[in-house]
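Listed below, chain by chain, are the residues.
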Amino acid sequence: GVDLIIDDTPEAVVISSFDPIRRETARLALMNLMLDGRIHPGRIEELYERAQVEVQRTVEESGERAAERAGIAGLPPRVIEAMGRLRFRASFAQNVLDHSVEVAQIAGMLAAELGLNVESAKRAGFLHDIGKGLPPEWEGPHALAGMEFLKQFEFKDLILNAVGADHREIEPATAEAEVVIVADSM
């Protein structure tokens, strides 16, 4: 699912794909192939499968660590996985998973200062970009896709609205949603 571009640049291979998980899997498999030196179809498949397992483990661990850093507990495993996929995404030169942790922290501080629901603001801030970590079958703007994804897990309407209103695709219905928008812009 990726293109390997090998040109005249010495010791350089470009891995091209719109899917950051596929790029990382290919990078790991290619690195291990180069270290091993035995490049043949059977070995390629073996190291590719091993790279898939390693990337999946990294995704899950990254999501769990990020939730801990943000002070968010009790998220379903599929939500943790979607958040972990953000480790391999960047937006405006910032890692999206780190950005999500920062938005959660800022949203929590703002909510505390304003006397709002701190836990909900932090949770919504953490999850506001989850749509960027979803597979391609989740179409549409990432805020709305994230909101629809989270509906499967029975999140509170306050959280769902704050995620969906991230870029004002829907109207923010609560002060916590506005806090997440402000925290995201900071």
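As shown above, the structure is provided for reference.
Bear in mind the structure is a predicted one, so any value in this text is a computation, not a measurement.

Which residues make up the overall build of the protein chain, and what values do they have?
A tally of helices and strands in the protein chain yields 8 helices and 4 strands. Order of helices (α) and strands (β) in the protein chain, N terminus to C terminus: β-β-α-α-α-β-β-α-α-α-α-α. Taken along the three principal axes of its C-alpha coordinates, the protein chain extends 60 × 30 × 25 Å. For the protein chain, the proportion of its 186 residues judged to be buried stands at 42%. Long-range contacts, defined here as pairs at least 24 residues apart, represent 53% of the contacts in the protein chain between residues at least 6 apart. Carbon and sulfur atoms form 54% of the exposed surface of the protein chain, whose accessible area is close to 10400 Å². For the protein chain, the distance from the average position of its 19 positive side-chain charges to the average position of its 32 negative side-chain charges is 3 Å.

Which residues make up the nonpolar core, and what values go with them?
If you look at the biggest cluster of nonpolar residues, it comprises 36 residues, and the most contacted ones within it are Leu 75, Val 79, Phe 126, Leu 127, Ile 130, Leu 150 and Phe 155. The leading source of residues in this core is helix 4 (residues 96-114), at 7 residues. Listed in part, the 7 residues of the second largest apolar core include Ala 29, Ala 51, Val 59 and Phe 88.

Before we move on, can you summarise the pattern of salt bridges with the specific residues and values?
Inspection of the entire model under this criterion finds 13 salt bridges. Here Arg 43 ties to Glu 46 by a salt bridge, and the two come within 2.6 Å at their closest N and O atoms. Here the residue Arg 43 and the residue Glu 46 both occupy positions in helix 2 (residues 41-70), the gap between them amounting to 3 residues, near one helical turn. Classification of Arg 43 by relative accessible area gives buried; the value is 10%. Here Glu 61 makes a salt bridge to Arg 57, at a shortest N to O gap of 2.8 Å.

I'd like to hear about unusual backbone geometry, residue by residue, with values.
In the Ramachandran plot, Phe 92 falls in the positive-phi region, its phi being about 55 degrees despite a non-glycine side chain. Here Phe 92 shows up in the loop between strand 3 (90-91) and strand 4 (94-95). Residue classification places Phe 92 among the exposed residues on the basis of a relative accessible area of 83%. In this model, Arg 168 sits at a positive phi of 60 degrees, which is unusual for a non-glycine residue. Relative to the assigned elements, Arg 168 resides in the loop between helix 7 (157-164) and helix 8 (175-185). Classification of Arg 168 as partly exposed rests on a relative accessible area of 46%.

Mind laying out the packing of aromatic side chains, listing which residues take part and the relevant values?
For the structure on display, the rule yields 2 aromatic pairs. Taking 5.6 Å as the distance between ring centres and 90 degrees as the angle between the ring planes, the aromatic pair formed by Trp 138 and Phe 149 counts as edge-to-face. Linking Trp 138 in the loop between helix 5 (118-127) and helix 6 (142-151) with Phe 149 in helix 6, this pair joins segments that are 11 residues apart in sequence. With relative accessibility at 29%, the residue Trp 138 sits in the partly exposed group. Taking relative accessible area as the criterion, Phe 149 reaches 4% and is therefore assigned buried. With centroids separated by 5.2 Å and ring planes inclined at 65 degrees, the aromatic side chains of Phe 149 and Phe 153 adopt a geometry described as edge-to-face. Judged by relative accessible area, which is 22%, Phe 153 ranks as partly exposed. Three or more aromatic residues joined by ring pairs form one cluster here, namely Trp 138, Phe 149 and Phe 153.

Criteria and thresholds
Residues numbered from 1 in each chain as written. Predicted model: local features only at pLDDT ≥ 70, side-chain atom pairs only at ≥ 80, totals over all residues. Heavy atoms only, no water. Helix = DSSP H or I, 4+ residues; strand = E, 2+ residues; numbered from the N terminus. Buried < 20%, exposed > 50% of the residue type's maximum accessible area, 1.4 Å probe, protein only. Contact = heavy atoms within 4.5 Å. Areas by Shrake-Rupley, 256 points an atom, 1.4 Å probe, with all protein chains shown as cover. Lys, Arg positive; Asp, Glu negative; His and termini not counted. Charge placed at Lys NZ, Arg CZ, Asp CG, Glu CD. Core = buried A, V, L, I, M, F, W, Y, C linked by side-chain atoms within 4.5 Å. Salt bridge = Lys/Arg side-chain N within 4 Å of Asp/Glu carboxyl O. Phe/Tyr/Trp six-rings, centres within 6.5 Å; stacked < 30°, edge-to-face > 60°.

By themselves, these figures tell us nothing about what the structure is for.
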